[in-house]
Amino acid sequence: MLNKISRYTIILLMVIVSALYLPDFFSMLFDKKENTPRLSYSSVIDEFVYTKYYGMGQIDYMDIKGNNYSEREYYKLLPFMHYANLEKWGELPLTLKGFEMTSKNIRQNSQMVRIQPKDIDPPTVPLNIMFEAEGDYASLQIPDDIFRISNTIEFLDPASNSVLEEKSHKFQEAMLAAGFTFPAKLAAANQTNRKPFDEGYFIKDATNKIFHLKMIKDEPVCVNTGIDTKLKVRQIFISENMRKEFYGWILTEDNDLYLITYDDYKLRQIPTGGNNAKYDYVANEMTIRFYIYPVDKHINISGDGFSQLIILNNDFKKIAEHVETWTPYDKRPAPIVKSFLFPFELSTYDPMQYVKLQMDIFWWHGLIGIAVSLLALLLFSRKRPWFDYVVVLFTGVFGLIGVLLIKPED
Amino acid sequence: MLKAILYKEWIKLRWAVIVIAALTVLSLAYTIGMINYYVEFQGAFQNWMYVIGKSLLLKNIVFVKVLPLITGLAFALIQFVPEMTNKRMRLSYHLPISEKKLLISSAGFGYMFLLAEIVFLFFGLWMVISMTYPTEIVTKVLMSTIPWFLGGSAIYFMTAFIILEPSWIYRIIYAVISYGLIELNFRASTYDQYQNLWALILIVAVMPLTVMFAGHRFRRGTK
Amino acid sequence: MEHVIECKNLTHYYGDKLVLNDLNLKVEKGRIFGILGKNGMGKTTTINILMGFLRPTSGQCLVLGEESHKLSPLTRQKIGLLHEGHLAYDFMTIKQVENFYARFFPNWKADYYWDLMGKLGLKDNHKIKNMSCGQRSQVVLGLIFAQDPELLILDDYSMGLDPGYRALFIDYLQEYVREKNKTVFLTSHIIQDVEKVADDTIIMGYQKLLLKMPLTTLKKDFHRFEFRNANVNGVIKADDNTITNVEYYNDKITLYSFKSEADVIKHLKTLGITIEKLTEIPMSLEEAFIGLTGKY
């Protein structure tokens, strides 16, 4: 009995390894790159345009009506993206929709933010730095302490690896005074000094209230933002920008996005989907980009097999939307063949930036591979322990390799 | 009888155990020196930032990755190669003890020594980095080492299994599987990246069972 | 239990190659059996099966009443094995190896071991690895004696031993076995040694057992006759009955037979060869072995 268990253990290990490597190897050999269009919106002709790459310098520039453009013509359609080139060529228009088109003016009135799955809950060390928001220098000064925030807020002195009691106490008091309830559930900031100014931290407390904590002239400033505690805040992304329209945005558990505006922390929801719910934003799988241009705002949601662009005017009213699609991964030839060959696939790839062993089952297609494997076992290798068939029934070709290579011992 | 087997495995392993322990002490001492050096030249704050943001510490404690692998491999080789050369395993298989008990206890005692080394390394590292870094960093670093220890455990059991297997073709097949199973534990590039670690632990936990199959095949006279 | 070893219809294949075909063998208690066989006759296979390191394709091999490939630990206690090349845990010292084995055997007789080691004159912490083949053979023998088994299976005990150690080995073995009424099953390349020590001989032929009988019986009943006749080359053939084997060398004809001289002459007559007298040439065991199995 133990010998049998032992043999099936080896087969199980073989199945694991083959399911990890074989499908991957198959894709490496046969999968072809999909030429995905890059969708944009031209505020010049008020039309969606896109480029399509065919490898090695072969690029088509088109609008969705089917008109072709040369590269320069195309750049001219997208002056807010290509203003530097246009300026160099002397082709930057003087105004567009009443907006004065100079490089500096465009730069100051544009902003781009992006959320990828890996940004949402990355495996980072939960330690933070607090910048001085109103320092004496032109650029942000790196502090010399680090803080942790959970049950309390504690500033640590790296040189001695000890708590800075006084400063910690000061901050804790300020937070408590503002009505903060420890422990903190979430602390979000833009932890870089490569930004024009610092807005500090947005912190969710134990009662789901969101607080805004900054350090001004070495003193803590903590404000209850008043953001609705019913909002299921998943993550907050802070993006300091001279436009000072919003501090950043909130991603909720329901994949909704809200800008936290400078207008007393009022939230403004931005659309995360268009007419077809199929292309609605799902944070764990898709990337969302928010482009703010002087004359309009573009929301781009891109996922497997599509790119959706939603255009808002400056009053956040939707004025246009369009989806470009291409063959999604599991409809491409190689992945389809793969799903027939193998009943499932193991991988450790995780778009959220973790290493996570997970199984992807190829249900109906996989059954065909399993049937073929079973048939092969029946036809070419008779007289087997019945459990070998069970193994192949559940693991298809992986199990077939296993039971054929590791012969039964009685 | 188990005592006798422990005695035999200890006779084979004792030098390796001492050498590995010494290497561990040296590596830990080196780590102290390295951390001090970085703190001195980068400044404590900047060093913490590198450690947090660029996984600096993780990249500089390669020995924690390598030592369990070396130990697992060395212990398995030292324990089982002498048993398999000139079919010496026949002596052990003829001992008045069931071969399952024999194999499990031999591998079990060997793994006990490996585990002792892992525990030593783990707590040593804990002590060393706690001197300079806060709990958050220490926790993340220690969590990151767990898959490496699983890798060391995997290499021990799989090597033992490969050596005990009498047929060369099977050995090659097992070597391929082993590579895959060990590599699985070294896929992280930053701190504490593994989710569902339990799956990896489970995979390593079933490995001792494989050894029995090799023993059975030896007894059966497979060439 | 009447028989210490009992093999029934033992058949073994390596892949498609048949090496043992329906072998039957019974070994009685209290005797020393020498097993002889030319290379490739399945001798090693038989020994491997007996020792429990090979499972026969079909048939059964009972050792002390249990199937040899799944002996219980208790039965293993009663069997002493000497493996080809005097296998030993050579990473251990004289003392360690005794220490190790002693824990497995409740009837451990350490005196036997230390007596033999005393004669070797090596230090207790001498590693087996650093011993000569002869010294190691004494260690192995000492361990088997101390184990005090009922059955001893000694595979090619003479391999690598110089004549001195070979003689020593046999002396100790004989003394030990006679004194304690043990059963011994041994093989050796050196047939003179078997002749010296064995009570019974078992000779393996191609894929099967050729004969098993007491050595004295073999010596008494197996004859070699010679005569000269230039005209009968090829006429006399080996058969199952009278002529066990025949050799021609120019006009010299050598016949091997279990039958008496008179019976052989009678048999020759039926072949048309009339001869008055055969010359009987006495044989050693080695010569008898060759006579039985042929030179080729």
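A few points on the structure. (Residues numbered from 1 in each chain as written. Chains lettered and ligands numbered in written order. Predicted model: local features only at pLDDT ≥ 70, side-chain atom pairs only at ≥ 80, totals over all residues. Heavy atoms only, no water.)

**Observations regarding the overall build of chain B**
We count it as follows: Put simply, DSSP H or I for four residues or longer makes a helix, DSSP E for two residues or longer makes a strand, and each gets a number counted from the N terminus. Think of it in three bands: residues with accessible area under 20% of the maximum for their type are buried, residues over 50% are exposed, and the middle band is partly exposed, with areas taken using a 1.4 Å probe on protein chains only. A contact between two residues is defined here by any heavy atoms of the two lying within 4.5 Å. Only the protein chains shown count as cover for residues, and the accessible areas themselves come from Shrake-Rupley with a 1.4 Å probe. In summary, the charge assignment counts Lys and Arg as positive and Asp and Glu as negative, without counting His or the chain termini. Note on charges: their place is set at NZ of Lys, CZ of Arg, CG of Asp or CD of Glu.
When its secondary structure is counted, chain B shows 9 helices and 1 strand. In sequence order, chain B lays out its α and β elements as α-α-α-α-α-α-α-α-β-α. By principal-axis analysis of the C-alpha atoms, chain B measures approximately 65 × 30 × 25 Å. Taken across its 223 residues, chain B has 59% of its residues classed as buried. Counting only contacts in chain B whose residues sit at least 6 apart along the sequence, the fraction spanning at least 24 positions is 81%. By element, 73% of the accessible surface of chain B is carried by carbon and sulfur atoms, the whole surface being about 8700 Å². Computed over 19 positive and 9 negative side-chain charges, the separation of the two mean positions in chain B equals 13 Å.

**Here's the deal with the interface of chain B and chain A**
So the rule is basically this: We define buried area as the total accessible area lost by two parts upon association, computed with a 1.4 Å probe and summed across both. Note on definitions: salt bridges are taken to be side-chain nitrogens of Lys or Arg within 4 Å of carboxyl oxygens of Asp or Glu. Whenever two N or O atoms come within 3.5 Å, that pair is a polar contact, provided that in protein one can donate a hydrogen and the other can accept it, and provided that, for residues adjacent in sequence, both atoms are side-chain atoms.
Contact residues are listed per partner, giving 48 residues for chain B and 41 residues for chain A. Interface area, chain B with chain A, both sides summed: about 4000 Å², of which 69% is carbon and sulfur. On the chain B side of the interface with chain A, the three residues burying the most area are Phe 45, Glu 136 and Phe 213 of chain B, jointly 16% of the side's total. The interface formed by chain B and chain A includes 1 salt bridge. With a closest N to O distance of 2.5 Å, Arg 148 of chain A and Glu 136 of chain B form a salt bridge. Applying the counting criterion to the chain B and chain A interface returns 15 residue pairs in polar contact (both at pLDDT 80 or more).

**With respect to the sheet that holds strand E12 (residues 245-249) of chain C**
All names here are of chain C. Convention followed: At least two DSSP bridges between two strands are required for those strands to pair. Structural elements are reduced to axes, namely lines fitted to C-alpha atoms, with helices fitted over the stretch in contact, and the angle between N-to-C directions of any two is expressed from 0 to 180 degrees.
In spatial order, the strands read E12-E13-E11-E14; together these 4 strands make up an open sheet with antiparallel pairing. For this open sheet the edge positions go to E12 and strand E14 (279-280), each flanked by a neighbour on one side alone. Inspection of the sheet shows E12 paired to strand E13 (residues 252-257) by 5 bridges, in the antiparallel sense. Bridge pairing links Val 246 to Leu 255 in E13. Here helix H10 (residues 285-293) sits on the sheet in contact with strand E11 (223-228), E12 and E13, set at roughly 95 degrees to E12.

**Digging into the side chain of Arg 217 of chain B**
For Arg 217 of chain B, the location among the structural elements is in helix H9 (residues 197-220). Setting aside anything within four residues of it in sequence, one finds Arg 217 of chain B in contact with Glu 409 of chain A together with Glu 165, Pro 166, Ser 167, Tyr 170 and Thr 222 of chain B.

**Focus: the pattern of salt bridges**
All told, the structure shown has 43 salt bridges over all chains when counted by the stated rule. Here Glu 321 of chain A and Lys 318 of chain A are joined by a salt bridge, their closest N and O atoms 2.7 Å apart. Take Glu 321 of chain A: its relative accessible area is 21%, and that puts it in the partly exposed class. Linked by salt bridges that have partners in common, Lys 8, Glu 9, Lys 12 and Glu 83 of chain B make up one network.

**Structural notes on helix H1 (residues 43-51) of chain C**
In terms of burial, H1 of chain C is a largely internal element, 8 of the 9 residues being buried. All buried positions along H1 of chain C are accounted for by Lys 43, Thr 45, Thr 46, Ile 47, Asn 48, Ile 49, Leu 50 and Met 51 of chain C.

**Considering the sheet that holds strand E1 (residues 194-195) of chain B**
Reading across the sheet, the 3 strands line up as E23(A)-E24(A)-E1(B) and stay open at both edges, with mixed pairing between neighbours. The sheet is open, and its two borders are formed by strand E23 (344-349) of chain A together with E1 of chain B, each paired with just one other strand. Where strand E24 (residues 355-361) of chain A meets E1 of chain B, 2 bridges bridge the pair, whose relative direction is parallel. Opposite Val 355 of chain A, over in E1 of chain B, you have Tyr 194 of chain B as the bridge partner.

**Notes on the interface of chain B and chain C**
The interface is formed by 29 residues belonging to chain B together with 27 residues belonging to chain C. When chain B packs against chain C, close to 2800 Å² is buried across both sides, 63% of that on carbon and sulfur atoms. At the junction of chain B with chain C, the criterion picks out 1 salt bridge. Asp 90 of chain C is paired through a salt bridge with Arg 88 of chain B; the nearest N and O atoms lie 3.1 Å apart. Connecting chain B to chain C are 11 residue pairs in polar contact (both at pLDDT 80 or more). Only helix H1 (2-42), helix H4 (62-84), helix H5 (89-94) and H9 of chain B provide two or more residues apiece to the side of chain B that touches chain C. If one sorts the elements of the side of chain B that touches chain C by residue count, H1 of chain B sits on top with 8 residues.

**Notes on the pairing of strand E10 (residues 208-214) of chain C**
As paired elements, strand E9 (residues 200-205) of chain C and E10 of chain C share 6 bridges and run antiparallel to each other. In the sheet register, Ile 203 of chain C faces E10 of chain C, and the bridge partner there is Leu 211 of chain C.

**Examining the environment of Ala 376 of chain A**
Residue and element names in this part refer to chain A. Here Ala 376 shows up in helix H8 (residues 363-380). Overall, the relative accessible area of 26% leaves Ala 376 in the partly exposed class. The spatial distance from the C-alpha of Ala 376 to the C-alpha of Ser 239 is 59 Å, given a sequence separation of 137 residues.

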